[in-house]
Amino acid sequence: MTSSTPPIARRLPLTRVHHGHEFIDDYEWLRAKADPAVIAHLEAENAYTTSETAHLGSLTGTIFDEIKSRTLETDLSVPVRRGTHWYFSRTVEGKSYGISCRAPISSADDWTPPSVEDGALLPGEVVVLDANLEAEGHEFFSLGTFEVSADESTLAWAVDIDGDERYRLRVRDIATGALSEADDIAGTAGGAIFSLDGQWIFYCTMDDSWRPDTVWRHRVGTATSADEKVFHEPDDRYWVGVGRTRSRRYLVIELGSKITSEVRLLDATTPDGEFAVVWPRVDGVEYDVEHAVVGGEDRLLITHNDGAENFELVDVAASDPLGERTVVIAHDPRSRLEAVEAFSTHLVVSYRRDVLTRVGTIPLTGTGYGPLAELAFDEPLFDVGTGGNPEWTQPTVRLGYTSFVTPSTVFDHNVATGELHLRKRQAVLGGFDPAEYSQARDWAIAADGTRIPVSLVWKTATVPDGMPAPVLLYGYGSYEASMDPSFSIARLSLLDRGVVFAIAHVRGGGEMGRAWYDDGKMLRKRNTFTDFVDVARHLIDTGRTTPALLVAEGRSAGGLLVGAVANLAPELFAGILAGVPFVDALTSILDPDLPLTVIEWDEWGDPLHDAAVYEYMRSYSPYENVREGVAYPRILAVTSLNDTRVLFVEPAKWVARLREVGAPALLKTELSAGHGGVSGRYEAWRERAFEYAWVIDVLHPAPTDSLKR
């Protein structure tokens with residue numbers, strides 16, 4: 001076999017029998033990650049993909065150069081005030097990772113973040129952590145925990161150098177840089193916090209299936225062998241996390257399945273005490289807890305869905321959380337309440353209405369809560385949310401804002417005056433003009449009459465009205481995750497070549513509220529796939545595109561979506577781009593020993609114990625439903641060897657099966673990366689440049705770097 005010959009995986013039949021149904025799996029042997037034959041097969045697939053895409057080398061390089069030339073490589077994030085310092089991150093040209101820094105505030109009432117140009121240092125600036133130094137000698141690097149103690153003297157941070165999302169936790173003195181040899185904890189889940197007095201670190205570890213299941217209490221400076229197990233969750237459906245309220249009044253243990261949650265609190269002044277349950281778990285009830293001080297009294301604000309599908313906010317006494325509830329924000333069938341953050345003088349509320357994200361504020365009065373005031377924005381499509389608000393008493397709210405045509409923007413909202421202060425807008429070098437681009441909302445009608453929202457963006461001059469255009473159609477549609485319109489420098493390389501980018505907001509996502517999610521999961525999961533097909537047909541029937549000019553993209557659970565769509569309606573697409581695709585879903589969800597499986601039963605159903613669920617999943621799982629005698633579109637599957645969320649074996653098996661039926665499928669495996677792909681911004685740009693070059697080649701297969709200019 002040469003690199004120009006498609007690798008043909010050998011068949012080693014394995015019979016799987018469930019609920020009286022027998023399935024013969026010829027490629028399950030590819031799961032053996034340590035088997036040299038498996039690695040050899042993946043390397044052969046990579047060589048074949050390299051050969052088949054060799055003609056894209058110039059275009060890939062051009063797109064990479066475009067991304068790089070448009071990016072301000074040496075830059076500074078907007079500083080965030082925490083304690084007596086401004087914290088921020090620097091990027092430096094030629095360096096792949098960020099540099100975390102801080103500088104002292106000028107006075108106690110200083111809430112205006114400092115700014116500098118041309119890479120100059122802020123007065124008193126010091127480096128807290130240089131991720132480039134941490135990443136030296138490693139092919140992969142990911143920063144998990146980044147936690148500064150309350151007195152700002154000590155840093156705890158955690159890194160993953162394999163891509164398997166198991167992190168090594170370390171501690172150092174910020175002023176001297178001295179590393180604590182005692183505080184070296186391997187195998188953590190990536191999230192850790194200091195106690196208020198800085199004497200303890202709370203962290204989580206995972207079980208053998210990569211489920212965070214245990215919270216530990218570690219005394220700083222002592223041997224890890226003495227760490228105390230604070231909480232363990234034996235139920236495989238629940239993940240465990242540790243955090244704190246914004247007020248720092250309580251330490252928090254949160255545990256949740258896909259449909260049920262439970263919160264435990266501990267007074268932060270007694271970090272060696274016992275955590276207490278707020279509301280005992282009730283199957284199907286989800287809730288979050290925030291602490292507020294109202295009228296001088298400690299209150300708990302609980303966002304929950306007990307009898308409130310789209311969630312409501314209630315107030316209870318911190319001393320008696322099971323006592324009387326006062327409704328602060330009532331349930332609204334048109335608005336999905338997503339998060340509430342308490343400050344000393346106000347609440348910040350994040351919610352979703354009419355597909356789009358919203359943010360509003362509620363003042364705290366002497367006796368209760370004032371009216372909700374929503375912040376208004378004038379674009380038809382946008383995404384807004386809170387971020388970088390660590391201080392309990394700060395008078396401003398830090399917001400992140402973006403749209404398809406507005407680069408990432410940072411605002412500070414003054415709650416008392418209502419003013420919105422622009423702090424920074426992402427630089428786009430080379431003369432980017434948002435007025436040259438258009439964005440719009442469209443609606444497709446599903447077969448059952450449901451209206452499916454579609455978001456689109458294009459460069460106005462390159463897409464004449466009434467003429468079909470090349471379209472990259474993106475979808476996800478799982479876990480109530482919403483795919484909101486946001487700006488992308490890399491995407492400009494598609495838009496400027498006449499490609500329209502569209503998002504199909506299919507059921508199973510969260511864009512239209514909890515019912516939208518429920519209507520695309522479990523035994524209604526097929527709605528996710530048929531919605532995407534109906535959006536594609538809508539774009540074709542309305543003249544926006546043609547099957548020859550349409551590529552579908554999905555990643556992770558979105559890879560399941562486009563994999564299922566490839567079987568349902570291959571005739572509608574010229575190409576399928578599947579990133580870390582969940583395409584062997586039935587096999588994975590049948591195995592409770594695999595990472596994520598048991599907790600996923602609340603998302604997909606339990607095919608191991610329920611015959612109806614088994615048959616339903618068997619009807620759509622992409623691997624089992626590859627069809628003979630079908631002209632499949634071109635397919636590119638991209639995966640990572642160390643991915644613990646969607647194992648590399650899924651796309652490997654899928655491509656092997658597709659090749660059996662003559663489908664033009666390629667497999668590209670990163671041999672030192674995880675679920676998020678390669679690490680480092682330059683490698684990420686190269687990866688995206690390659691994928692976009694492949695998309696352009698599918699839409700316009702010719703030895704040129706453009707569709708139309």
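For the structure, see preceding data.
These remarks concern the structure in this document. Predicted model only: the values in this text are computed from it and were never measured.

Rules and cut-offs
- Residues numbered from 1 in each chain as written.
- Predicted model: local features only at pLDDT ≥ 70, side-chain atom pairs only at ≥ 80, totals over all residues.
- Heavy atoms only, no water.
- Helix = DSSP H or I, 4+ residues; strand = E, 2+ residues; numbered from the N terminus.
- Buried < 20%, exposed > 50% of the residue type's maximum accessible area, 1.4 Å probe, protein only.
- Contact = heavy atoms within 4.5 Å.
- 1 Å grid on protein atoms, 1.4 Å probe; cavity = no way out; pocket = protein on both sides within 12 Å on 5 of 7 lines; lining within 4 Å.
- Points joined across faces, edges and corners; volume = space filled by probe spheres on them.
- Nonpolar A, V, L, I, M, F, W, Y, C, P; charged D, E, K, R; others polar.
- Polar contact = N/O pair within 3.5 Å; in protein donor to acceptor, adjacent residues only side chain to side chain.
- Salt bridge = Lys/Arg side-chain N within 4 Å of Asp/Glu carboxyl O.
- Pairing = 2+ DSSP bridges.
- Right-handed = clockwise from strand over helix to strand, strands pointing away.
- Axes fitted to C-alpha atoms, helices over the stretch in contact; angles between N-to-C directions.
- Phe/Tyr/Trp six-rings, centres within 6.5 Å; stacked < 30°, edge-to-face > 60°.
- Parallel < 35°, antiparallel > 145°, perpendicular 65-115°, else oblique.
- Left-handed = near helix turned anticlockwise from the far one by under 90°.
- Core = buried A, V, L, I, M, F, W, Y, C linked by side-chain atoms within 4.5 Å.

## Observations concerning the overall build of the protein
Scanning the protein from terminus to terminus reveals twelve helices and 38 strands. With the C-alpha coordinates aligned to their principal axes, the bounding extent of the protein is approximately 70 × 60 × 55 Å. Residue burial in the protein is summarised as follows: out of 709 residues, 59% are buried. Of the contacts made within the protein by residues no fewer than 6 positions apart, 58% connect residues no fewer than 24 positions apart.

## What about unusual backbone geometry?
For His19, which is not a glycine, the phi torsion comes out positive at approximately 55°. Here His19 lies in the loop between strand S1 (14-18) and strand S2 (21-25).

## What to know about the layout of surface pockets
Think of a ball as big as a water molecule: rolled over the atoms, this probe shows where empty space is left. The calculated volume of the largest pocket comes to roughly 370 Å³. Together, 18 residues line the largest pocket, and Asp75, Leu76, Ser115, Val116 and Lys424 are the ones closest to its centre. Put simply, the parts of the chain that give the lining of the largest pocket at least two residues each are strand S3 (75-76) and strand S30 (420-425). Its residues placed into classes, the lining of the largest pocket shows eight nonpolar, four polar and six charged.

## Concerning the environment of Asn642
Mapped onto the secondary structure, Asn642 falls in the loop between strand S37 (634-640) and helix H11 (649-660). In sequence terms Asn642 and Ser672 are 30 residues apart; their C-alpha atoms lie 6.6 Å from each other. A polar atom in the side chain of Asn642 sits 2.7 Å from the side chain of Lys33. Side-chain polar atoms of Asn642 contact the backbone oxygen of Asp162, separated by 2.7 Å.

## Details of empty space enclosed by the protein
The final tally for this structure, using the stated rule, is three cavities of 30 Å³ or more. Of the pockets and cavities examined, the second largest cavity occupies roughly 80 Å³. Along its surface, the second largest cavity is lined by Val80, Arg81, Trp86, Trp111, Pro113, Gly388, Gln394, Thr396, Arg398 and Asp412. Elements represented by at least two residues in the lining of the second largest cavity include exactly strand S4 (80-82) and strand S28 (396-402).

## Structural notes on the pattern of salt bridges
Here the structure, examined in full by the defined rule, presents 58 salt bridges. When the shortest N-O distance is used, the salt bridge between Glu28 and Lys653 registers 2.7 Å. You can see Glu28 sitting in the loop between S2 and helix H1 (36-52) and its partner Lys653 sitting in helix H11, a full 625 residues away along the chain. Linked by salt bridges that have partners in common, Asp25, Glu28, Arg31, Asp584 and Lys653 make up one network.

## Focus on the pairing of strand S35 (residues 550-555)
In terms of residue burial, S35 counts as a mostly covered element, since five of its six residues are buried. Across four bridges, strand S33 (residues 471-475) lies against S35 in parallel orientation. Of the residues in S35, the one forming a bridge with Tyr474 is Glu553. Of the strand pairs in this sheet, S35 and strand S36 (residues 575-579) are connected by five bridges, and their pairing is parallel. Bridging from a neighbouring strand, Glu553 pairs with Leu577 of S36. Crossover S35 to S36 through helix H7 (residues 557-568) is right-handed.

## A short note on the side chain of Ser403
Mapped onto the secondary structure, Ser403 falls in the loop between S28 and strand S29 (409-414). Polar side-chain contacts of Ser403 include one of 2.9 Å to the side chain of Glu379. Within polar-contact distance, the side chain of Ser403 engages the backbone nitrogen of Thr406 at 3.0 Å. In this structure Ser403 touches Glu379, Leu381, Phe382, Gln439, Pro485, Ser486 and Phe487, once residues within four positions along its chain are discounted.

## Observations concerning the sheet that holds strand S9 (residues 154-160)
Spatially, seven strands are ordered S8-S9-S10-S11-S12-S13-S14 in an open sheet, and the strand pairing comes out antiparallel. Looking at strand neighbours, the two that pair on one side only are strand S8 (142-148) and strand S14 (228-232), the edges of this open sheet. Ignoring strand direction, the axes of neighbouring strands in this sheet form an average angle of 35°. Two elements, S8 and S9, share five bridges in a ladder whose sense is antiparallel. When the sheet's bridge partners are listed, Phe146 is paired in S9 with Trp157.

## Focus: the pairing of strand S31 (residues 437-445)
Taken together, the nine bridges between S31 and strand S32 (residues 451-459) define a ladder with antiparallel strand orientation. In the strand pairing of S32, Ala440 is matched with Leu456. Between the end of S31 and the start of S32, which pair antiparallel, lie five residues, with Gly449 showing a positive phi angle near 95°.

## Topic: the side chain of Glu66
Turning to its location among the elements, Glu66 is positioned in helix H2 (residues 57-70). At 2.7 Å, the side chain of Glu66 and the side chain of Ser493 are in polar contact.

## Here's the deal with the packing of aromatic side chains
Inspection of every chain in the model, using the stated rule, returns 20 aromatic pairs. Aromatic side chains Tyr474 and Phe501 sit 6.4 Å apart centroid to centroid with 40° between the ring planes, which places their arrangement in the tilted category. Taken as a pair, Tyr474 in strand S33 and Phe501 in strand S34 (residues 500-504) lie far apart in primary sequence, 27 residues in all. Seen in terms of ring centroids, Phe582 and Trp604 are 5.5 Å apart; in terms of plane orientation they differ by 55°. Their pairing is tilted. Note that Phe582 is positioned in the loop between S36 and helix H8 (585-590) and Trp604 in helix H9 (residues 597-604), a separation of 22 residues in sequence. With relative accessibility at 1%, the residue Trp604 sits in the buried group. Joined through ring pairs, the aromatic side chains of Phe377, Phe382, Tyr401 and Phe411 make up one cluster.

## Describing the packing of helix H6 (residues 526-541) against H7
With their axes 9 Å apart at the nearest point, H6 and H7 run at an angle of 65° to one another. As far as their axial angle goes, H7 and H6 are roughly perpendicular. Handedness of the H6/H7 crossing: right-handed. Touching Arg526, Thr528, Phe529, Phe532 and Val533 of H6 are Leu560, Leu561, Val562, Ala564, Val565 and Leu568, all from H7.

## Focus: the nonpolar core
Judged by nonpolar contacts, the single largest core of 76 residues is most densely connected at Leu473, Phe532, Phe573, Tyr632 and Trp654. Take this core: its biggest share by element is seven residues, from H6. Contact partners of Phe532, with chain neighbours within four places excluded, come to Leu473, Tyr474, Gly475, Ala504, Val506, Ala552, Leu561, Val562, Val565 and Phe573. Counting 43 residues, the second-largest nonpolar core is a separate cluster that includes Leu59, Tyr437, Leu495 and Val499.

## Notes on the sheet that holds strand S23 (residues 335-342)
The strand order across the open sheet built from four strands is S23-S24-S25-S26, with neighbouring strands paired in antiparallel fashion. Of all strands in the sheet, those with a lone pairing partner are S23 and strand S26 (373-374), marking the two edges. Here strand S24 (residues 346-353) runs beside strand S25 (residues 356-363); their pairing, made up of eight bridges, is antiparallel. Each bridged residue has a counterpart across the sheet, and for Leu347 the counterpart in S25 is Ile362.

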